[in-house]
Protein chains: 2
Amino acid sequence: MPSPTPSPPTHPLYNHTPTNITSLITTINHPTPIPGTRDPETLASRSSTPHSPAPLPHQVPHYIFFPRSTDHVSRILKACHEKRVAVTSFAGGTSLGGAVAALWGGVCVDFGDMDAVGEVWWADLMVEVQAGVGWVALNRVLGEGREGDGKGLFWPVDPALGARVGGMIAMSCSGTNAYRYGTIKNWIISMTVVLANGTIIKTRNRPLKSSAGYDLNHLIIGSEGTLALVTEAVLNSRRYRGICMSGLLLLLLCGMVSLEAIELADREAMFAIEKSGLARGRVWDVAPTLFLKFAGSEGAVREQIEFVREMCARFPGGGLVAASNEMEFVDTVWGGRKCLANALVAMKNDPGDLFLSTDAAVPSSKMALLVEESNRIVREEGDSSWFCASVGHVGDGNVHTAIVCPAAEKDRAGVLVEKIQRLALELEGTITGEHGVGLKLRDLLEEEVGKEGVDVMRKIKFALDPRGILNPDKVVRLEAGY
Amino acid sequence: MPSPTPSPPTHPLYNHTPTNITSLITTINHPTPIPGTRDPETLASRSSTPHSPAPLPHQVPHYIFFPRSTDHVSRILKACHEKRVAVTSFAGGTSLGGAVAALWGGVCVDFGDMDAVGEVWWADLMVEVQAGVGWVALNRVLGEGREGDGKGLFWPVDPALGARVGGMIAMSCSGTNAYRYGTIKNWIISMTVVLANGTIIKTRNRPLKSSAGYDLNHLIIGSEGTLALVTEAVLNSRRYRGICMSGLLLLLLCGMVSLEAIELADREAMFAIEKSGLARGRVWDVAPTLFLKFAGSEGAVREQIEFVREMCARFPGGGLVAASNEMEFVDTVWGGRKCLANALVAMKNDPGDLFLSTDAAVPSSKMALLVEESNRIVREEGDSSWFCASVGHVGDGNVHTAIVCPAAEKDRAGVLVEKIQRLALELEGTITGEHGVGLKLRDLLEEEVGKEGVDVMRKIKFALDPRGILNPDKVVRLEAGY
């Protein structure tokens, strides 16, 4: 069959001869075929849209694949990389400015058939989707909530109605909700992406925040399909959040309460505060405690405090102590939280004692488990003379378990810290929520983002710093595998 | 003088012989010296801190520079790059995990003397700082407000007390306020950074949001001094925001009102809504209009509506029409905003007419000027038969000026669109707030982030996609300068 339109322009980087394209399609379809088409109208529609026409009429892809999975996309890119065929991608087709145009032809990857909504983690406000899911359809699913409980969620990114998640990520989109909720950059937890050579990487785990290496999420968001293709994503959404921890009410938020900060100190941490004498103006109960900060107009703050007081009273052992004014809050209530770090260090029996701390962060629903298990690991596997306490940034699911022990026990305590960091990974979290990789976490970083993820980071490192002079051997080692 | 400690380990990438280090220092200090020291105690203190000891005692820098400016840092890095000397950096020294350790020795850049707070843009809630400014000191300056007006700001990132902005950015830090305000990733507008070879780049302009190419901000944040050194930053802060536009009250926010969305439609846009007949259930005044969305408990929403109503009444021509319930809001009030895009396209006299739109975003304080000037450019320099209207995402300072004109006028209208995009750059904004670079904005991107910025993006592109197969020639061209 003769080509229905004149061929696209040629570029020395690509081999788009009919023979090579045919050979590419055969390779990709072996052993199992991936749906695709050469239909001229379909080809043209993926390169040129009413809102975003291609500059020249013959700038159309030679072939379109309709993958059903990340593995399909990986097979397509691996072959295109080997055979030097250009790749454009297409999701909802609502972008402006020509990002979908197949300037040099090649293969188009159309995500229209990857439109499954996967797991919803209702308590974490997170949902997993394939790249072809539309934001309108997604919000229909989320809005219905878990069967019968009416706890609906919504994902607040609202660009053109036809937009699909993969394209929205590629274009770094926003919409009218961006004023209140920010752009899509704020609503992506992690992505599964396929690199140019077919390598599949996951950009990060499921904690709300992470300091684990270079920010691959933000590098891919807005890269318009030029750095990698997004095949799946975990999104965070809004509305209901509830965490319960061992019978202790940790927090109840349902849009009524908008707190400024929620900080957890476990029993041992409160013991340290009392023992240190650093908290002025108030004697604290030695019991697991949440420090809450409210803000807003006086009426709004009062309303929120009463709401939380009522919630706390429903749980055994629960109760709320509220400051009656800002001065009292700063001096005595928040003062308790502020002295915490020093109070923990003050638990050293000897100035030479070690103070070690973890920095694990996990999805909210798993934070209670992380606190309990971290404490259990140190108490059961460490020495009974050691001091151990956990404090946490509750909104982030970020927990610091502190260990104070004699200097001679450094290695033994280090093993336990590493065990807690691996536990965080098992709980879909990160080894470092806020402290960074530095030196100590370089090897564990490979367990978190994979050897492939660290390789990408190293490539970026040397692209920007070819002689490796900047803070050498931090975050990623200068050479792999030593 | 003999070396006070054993030398650090050697690495084949670096030349840390005494001769080379001495020659480096001479080079850097020519023609004007940059303060520095070889004092052994100072050297040790920049590599090893109580919270973060270096693994080995002799892992200390050979020399410390105390630069006073971005230009100083550029001179230091240029020479280190040429002479293959490793570089670590130091700000507040509060990081954990060994990020400051000078594993292979070399030069340490200490930002302690770069602690100036620069310009404060009170209406934009933005402030410019040098990398050595501490967050506690910064908040003291911001909290005092403009002399006499009491409109204080605060920057909500609150890690260890001694932390300084440059180190906080390098380590991607957070603190107790992160629950409410997010980590430092949310509080950086732009950075001036020095690359390994001494090249100075600015990561972005001053709009709140931008889709202009790869996200260099997030790539540098959390890179722990391994990709570039941050020398200056523009931070966004909180509290008071006010924008007035030509006597029309655009918006008043002072912590009392927390809106979900603020959308602007100018007179012509409202005319299009009325003419199109697309807005159901309500006849709109043909006058500049703001669409506001409130959310929260019923009491809170009522309180906010009354507050805004009172504010509006103070301005000539101001007034507030509020929906009395959610159904009315969705159907008639927000329905007006939702039909806007279609109403503008419906202004075509002929199906073949062109619909062009800008995507400029500027700092909030300059949004009114952008709207007025964009409209003026089209009305004065375009044809009087064209239709022109501006709509805006007010919270983001993102304005779309739409032009409807005959297809034959494509080039003439395109010149005006480009003029508006350049105007956005003059107003410290971006050529694309949300639509992306695609094909059309590649050349203007170079005016926005500089040739050096585009070069960095191209290096990242080819680091991840060495054969250039992914969406070729988008965002950045495959080759520079064609």
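Bear in mind the structure is a predicted one, so any value in this text is a computation, not a measurement.

Q: Hey, could you go over the overall build of chain A for me, with residue numbers and the actual values?
A: The secondary structure content of chain A amounts to 14 helices and 17 strands. Overall size of chain A, expressed as C-alpha extent along the three principal axes, is 85 × 55 × 35 Å. When each of the 482 residues of chain A is scored for burial, the buried share is 59%. Look at the contacts in chain A between residues 6 or more apart in sequence, and 69% of them connect residues 24 or more apart. Put simply, chain A shows about 18,900 Å² of open surface, and 54% of that area lies on carbon and sulfur atoms. Once the 47 positive and 54 negative side-chain charges of chain A are each reduced to a mean point, those two points are 3 Å apart.

Q: Could you give an account of the relation of the copies chain A and chain B, with specific residues and numbers?
A: Its rotation angle being 180°, the transformation that places chain A on chain B also includes 0.0 Å of axial translation and leaves an RMSD of 0.1 Å. With respect to symmetry, the two chain copies, as superposed, fit the operation of a two-fold axis. Comparing interface residues between copies, 100% of those in chain A also lie at the interface in chain B; the contact surface is shared.

Q: Go over the sheet that holds strand β2 (residues 63-65) of chain B with me, naming the residues and quoting the values.
A: Residue and element names in this part refer to chain B. On the basis of which strands lie adjacent, the open sheet formed by four strands has the order β1-β2-β4-β3 and mixed pairing. Every interior strand has two partners, whereas the edge strands, β1 (36-37) and β3 (87-90), have only one. Bridge count between β2 and strand β4 (residues 107-110): three bridges; the pairing is parallel. Directly across from Y63, in β4, lies its bridge partner V107. Seen against the sheet, helix α3 (residues 70-83) touches β2, β3 and β4 and runs at an angle of roughly 170° to β4.

Q: Explain the sheet that holds strand β9 (residues 229-236) of chain A to me, using residue names and the numbers behind them.
A: Residue and element names in this part refer to chain A. Across the sheet, which stays open at both edges, the five strands sit in the order β5-β6-β9-β7-β8 with antiparallel pairing between neighbours. Looking along the sheet, the strands with just one partner apiece sit at the ends: β5 (117-121) and β8 (200-202). When the angles between neighbouring strand axes are averaged without regard to direction, this sheet yields 15°. Note: strand β6 (residues 126-130) against β9, five bridges, orientation antiparallel. The residue of β9 that forms the bridge with V129 is A233.

Q: Before we move on, can you summarise the nonpolar core with the specific residues and values?
A: If you look at the biggest cluster of nonpolar residues, it comprises 102 residues, and the most contacted ones within it are A:W155 and B:W155. With sequence-adjacent residues up to four places away left out, B:W155 is seen in contact with B:W135, B:L138, B:N139, B:L142, B:V165, B:M168, B:I184, B:W187, B:I188, B:L235, B:N236 and B:S237.

Q: Quick rundown of the domain arrangement of chain A? Include the residues and the values.
A: Residue and element names in this part refer to chain A. Structurally, chain A comprises domain 1 (18-112), domain 2 (117-236), domain 3 (242-426) and domain 4 (443-462 + 471-482). The centre of domain 2, based on its C-alpha atoms, is set 25 Å off from the matching centre of domain 4. Residue-level contacts link 12 residues of domain 2 with 10 residues of domain 4. Summed over the three residues of domain 2 that lose the most area to domain 4, namely A212, Y214 and L216, the buried surface amounts to 50% of that side. The tally of links between domain 2 and domain 4 comes to zero salt bridges.

Q: Residue-level account of the pairing of strand β12 (residues 259-265) of chain A, with values.
A: All names here are of chain A. Burial runs high along β12: seven of the seven residues are buried. Here β12 runs beside strand β13 (residues 289-294); their pairing, made up of six bridges, is antiparallel. When the sheet's bridge partners are listed, I262 is paired in β13 with L292.

Q: Lay out the packing of helix α1 (residues 18-28) of chain A against helix α3 (residues 70-83) of chain A in plain terms, naming residues and giving numbers.
A: All names here are of chain A. Packing of α1 against α3 brings their axes to within 9 Å, and their N-to-C directions diverge by 145°. The two elements α1 and α3 cross, and the hand of that crossing is right-handed. Here N20, S23, L24, T27 and I28 of α1 come into contact with α3, specifically with R75, I76, A79, C80 and K83. Across the contact of α1 with α3, the residue classes break down as five nonpolar, three polar and two charged.

Q: Before we move on, could you go through the side chain of B:T289 and cite the residues and values that matter?
A: Looking at the secondary structure, you find B:T289 in strand β13 (residues 289-294). Within the structure, the side chain of B:T289 is placed 2.6 Å from the backbone oxygen of B:A287, a separation counted as a polar contact.

Q: Talk me through the pattern of salt bridges; I want residue IDs and the actual numbers.
A: Residue and element names in this part refer to chain A. Taken as a whole, this structure holds 47 salt bridges over all chains when the rule is applied. For E373, the salt bridge identified is with R376, shortest N-O distance 3.1 Å. With E373 and R376 both in helix α12 (residues 367-381), this residue pair falls three residues apart, about one helical turn. The exposure class of E373 is partly exposed, given its relative accessible area of 24%. Its relative accessible area of 31% is what places R376 among the partly exposed residues. Of the charged contacts in the structure, one is a salt bridge between E409 and R412, with a shortest N-O distance of 3.3 Å.

Q: Report on α3(B), specifying residues and quantitative values.
A: Residues and elements named next belong to chain B. Along its 14 residues, α3 runs 20 Å from first to last C-alpha, staying within 8% of the 20 Å computed at 1.5 Å per residue. All of the buried residues in α3 are T70, H72, V73, S74, I76, L77, A79, C80 and H81. Positive backbone phi, at 55°, marks R84, one or two positions downstream of α3.

Q: Give me the lowdown on unusual backbone geometry, citing residues and values where you can.
A: Residue and element names in this part refer to chain A. Residue P31 is bonded to the preceding H30 through a cis peptide linkage, with omega at 0°. Within the secondary structure, P31 sits in the loop between α1 and β1 (36-37). Positive phi values are uncommon outside glycine, yet S172 reaches one of about 50°. Structurally, S172 is set in the loop between α5 (165-170) and α6 (178-181). Residue S172 is classed as buried on the basis of its relative accessible area, which comes to 5%.

Q: Requested: an account of the packing of aromatic side chains, with residues and values cited.
A: Residue and element names in this part refer to chain A. Tallying each qualifying case throughout the model produces 12 aromatic pairs over all chains. Relative to W334, the ring of F291 has its centre 6.5 Å away and its plane inclined at 90°; by these criteria the two rings are edge-to-face. Note that F291 is positioned in strand β13 and W334 in helix α10 (residues 326-338), a separation of 43 residues in sequence. Note on F291: relative accessible area 1%, which makes it buried. Clustering of aromatic rings is evident, with ring pairs tying together W284, F291, F329 and W334. For R206, the ring lying beneath its charged end belongs to W121, and the centroid distance is 3.9 Å.

Q: Which residues make up the interface of chain A and chain B, and what are the values?
A: Taken residue by residue, the interface counts 98 residues in chain A and 98 residues in chain B. Three residues, A:Y179, A:L464 and A:R467, lead the burial of chain A against chain B; their summed loss comes to 11% of the area buried on that side. Here B:D215 ties to A:K185 by a salt bridge, and the two come within 3.0 Å at their closest N and O atoms. Connecting chain A to chain B are 41 residue pairs in polar contact (both at pLDDT 80 or more).

Q: Please set out the confidence of the model for chain A residue by residue, giving values where relevant.
A: Summing up the model confidence of chain A, the mean pLDDT is 88 and the portion of residues at 70 or higher is 93%. Note that residues 240-256 of chain A has pLDDT below 50 and, in this model, 51 contacts with residues that lie over four places away or in other chains.

Q: Could you give an account of the environment of A:G143, with specific residues and numbers?
A: Residues and elements named next belong to chain A. When you line up the elements, G143 lands in helix α4 (residues 135-144). Residues G143 and V333, spaced 190 residues apart in sequence, show a C-alpha to C-alpha distance of 38 Å. The residues contacting G143, other than those within four sequence positions of it, are G152 and L153.

Quick notes on the rules
Residues numbered from 1 in each chain as written. Chains lettered and ligands numbered in written order. Predicted model: local features only at pLDDT ≥ 70, side-chain atom pairs only at ≥ 80, totals over all residues. Heavy atoms only, no water. Helix = DSSP H or I, 4+ residues; strand = E, 2+ residues; numbered from the N terminus. Buried < 20%, exposed > 50% of the residue type's maximum accessible area, 1.4 Å probe, protein only. Contact = heavy atoms within 4.5 Å. Areas by Shrake-Rupley, 256 points an atom, 1.4 Å probe, with all protein chains shown as cover. Lys, Arg positive; Asp, Glu negative; His and termini not counted. Charge placed at Lys NZ, Arg CZ, Asp CG, Glu CD. Least-squares fit on C-alpha atoms with pLDDT ≥ 70 in both. Pairing = 2+ DSSP bridges. Axes fitted to C-alpha atoms, helices over the stretch in contact; angles between N-to-C directions. Core = buried A, V, L, I, M, F, W, Y, C linked by side-chain atoms within 4.5 Å. Domains from an automatic or database assignment. Buried area = accessible area lost by both parts, 1.4 Å probe. Salt bridge = Lys/Arg side-chain N within 4 Å of Asp/Glu carboxyl O. Left-handed = near helix turned anticlockwise from the far one by under 90°. Nonpolar A, V, L, I, M, F, W, Y, C, P; charged D, E, K, R; others polar. Polar contact = N/O pair within 3.5 Å; in protein donor to acceptor, adjacent residues only side chain to side chain. Expected span 1.5 Å × (residues − 1). Phe/Tyr/Trp six-rings, centres within 6.5 Å; stacked < 30°, edge-to-face > 60°. Lys NZ or Arg CZ within 6 Å of the ring centre and 35° of its normal. pLDDT = per-residue confidence, 0-100.

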